[in-house]
Every structure is written in structure tokens, then in C-alpha cells.
Amino acid sequence: MSLSNTADTAIVGAGIVGVACALHLQRMGQRVTLIDREWLGHCPRLTDSLPILGRCPLHKNVFFAYGHQHIGLTAGPKSGRLIAQLVSGSRTDVDLTAHGADRFA
Ligand SMILES: Cc1cc2nc3c(=O)[nH]c(=O)nc-3n(C[C@H](O)[C@H](O)[C@H](O)COP(=O)(O)OP(=O)(O)OC[C@H]3O[C@@H](n4cnc5c(N)ncnc54)[C@H](O)[C@@H]3O)c2cc1C
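Residues numbered from 1 in each chain as written. Predicted model: local features only at pLDDT ≥ 70, side-chain atom pairs only at ≥ 80, totals over all residues.

## Things to note about the pairing of strand E2 (residues 32–35)
Note: strand E1 (residues 9–12) against E2, four bridges, orientation parallel. Residue pairing in the sheet places Ile11 in a bridge with Leu34 of E2. Handedness of the crossover joining E1 and E2 through helix H2 (residues 16–27) is recorded here as right-handed. (Pairing = 2+ DSSP bridges. Helix = DSSP H or I, 4+ residues; strand = E, 2+ residues; numbered from the N terminus. Right-handed = clockwise from strand over helix to strand, strands pointing away.)

Below you can see the structure in the form of C-alpha cells.
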């Protein structure tokens, strides 16, 4: 059985951001699959210190949420909610333009 038969959304990474996003999507009525492989590494940080939050510029059904450096436990639940809003096509609570992946292009 393919993933598309069992889930509306697949989330790769069951850290605090992924779990928060899954929780919000489930509350919105979506079927969610969380995929995680055991990984541990440095806290990723972008050069402007803002996490990437938003739609992939190349694939409209792919969304990014990473780069929370050392504030992810605080900001992660909010980021998860914002990505859930994007995935579901809802209006986001805040403008995410400054967080776009294309800002470094
Ligand atoms: C020592 C320490 C102290 C900290 N203290 C604080 C604090 O006081 N306050 C605060 O706000 N933040 C703190 N942080 C930062 C916070 O822990 C991180 O910002 C936050 O956990 C990041 O969450 P995340 O969901 O983005 O990523 P992660 O927690 O890294 O989750 C990513 C998940 O993706 C999985 N994964 C990765 N690659 C793949 C793959 N290819 N396929 C499938 N799964 C994959 C991993 O297994 C992991 O479970 C601290 C961090 C450290 C290390």
C-alpha cells in the first residue's frame, strides 16, 4: 500500500517541529505519517539566524522547517503550527516571507 493511501501528509523528522506540525494537522482532520530515522547532530543555524519556514521553491507540495539552532524547543511548536497552516492552505498567523528558502538565491 502506498503512503498516499494512508496519509494526507508525510512529515520527515519527528523532532519538536515535526511532532507539533503533525499534531496541528491531525486536529485539522488530516491523516499524518511521521517518518524518522535515528539521527543526532549539530543544531543547524542559518547565516541570518532565521529558520527556513515555507514552501519549497521547486516542489509545491514540499514544505521546509529547519534551522532552529538553539531556540527550537521554544520556537518549534509555533513553527509546527505555521507549517500546518501552510500545508492545509490556511492563512498563516504571521507573514513568513523573511523565512523563505529562496532568500539566499
Ligand atoms: C544541549 C542543547 C540545549 C538546548 N537548549 C535549548 C533551550 O534551552 N531552549 C530552546 O528553545 N532550544 C534549545 N535547544 C535547541 C533545540 O533542542 C533544537 O532547536 C530543537 O530540538 C530542534 O528541533 P527540530 O524539530 O527542528 O529538529 P530535531 O530535534 O533535530 O529533529 C529532527 C528529526 O529529524 C530526524 N531526521 C533527520 N534526518 C532525517 C532523515 N533523513 N530521514 C528521517 N528522519 C530524519 C532526526 O532523527 C530527528 O528526530 C538545545 C539544543 C541542545 C543540543
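## Side note on unusual backbone geometry
Look at Ser49: it is not a glycine, yet its phi comes out positive at around 70 degrees. Within the fold, Ser49 resides in the loop between E2 and strand E3 (52–55). Overall, the presence of 11 C-beta atoms within 10 Å leaves Ser49 in the exposed class. Phi is positive for Gln69, which is not a glycine, with a value near 40 degrees. Following the sequence through the fold, Gln69 ends up in the loop between strand E4 (63–66) and helix H3 (72–88). (Buried ≥ 20, exposed ≤ 12 C-beta atoms within 10 Å, placed from the backbone.)

## Considering the site of the ligand
Around the ligand sit 22 residues in total, of which Gly13, Gly15, Gly72, Leu73 and Thr74 are the nearest. Contributing elements (two or more residues each) for the shell around the ligand: H2 and H3. Per-element accounting of the shell around the ligand gives the leading share, four residues, to H3. (Near = placed C-beta within 6 Å.)

## Points about the nonpolar core
Grouped together as the largest cluster of nonpolar side chains are 15 residues, with contacts concentrated most on Cys21, Leu25, Ala65 and Ile83. For this core, the elements supplying multiple residues, two or more each, are H2, E3, E4 and H3. Looking at this core, the element that brings in the most residues is H2, giving five residues. (Core = buried A, V, L, I, M, F, W, Y, C linked by C-beta atoms within 7 Å.)

## Quick word on the environment of Gly76
Structurally, Gly76 can be placed in helix H3. Counting along the chain gives 55 residues from Gly76 to Cys21, while the straight-line C-alpha distance between them is 9.0 Å. Discounting chain neighbours no more than four positions away, the residues touching Gly76 are Ile16, Val17, Ala20 and His68. (Contact = placed C-beta atoms within 7 Å.)

## Thoughts on H2
Compared with the 16 Å implied by 1.5 Å per residue over twelve residues, the 17 Å span of H2 between its first and last C-alpha is a close match. The complete set of buried residues in H2 reads Val17, Gly18, Ala20, Cys21, Ala22, His24 and Leu25. The inward-facing, buried residues of H2 abut E1, E2, E4 and H3. Following H2 by one or two positions, Gly29 has its phi on the positive side, about 100 degrees. (Expected span 1.5 Å × (residues − 1).)

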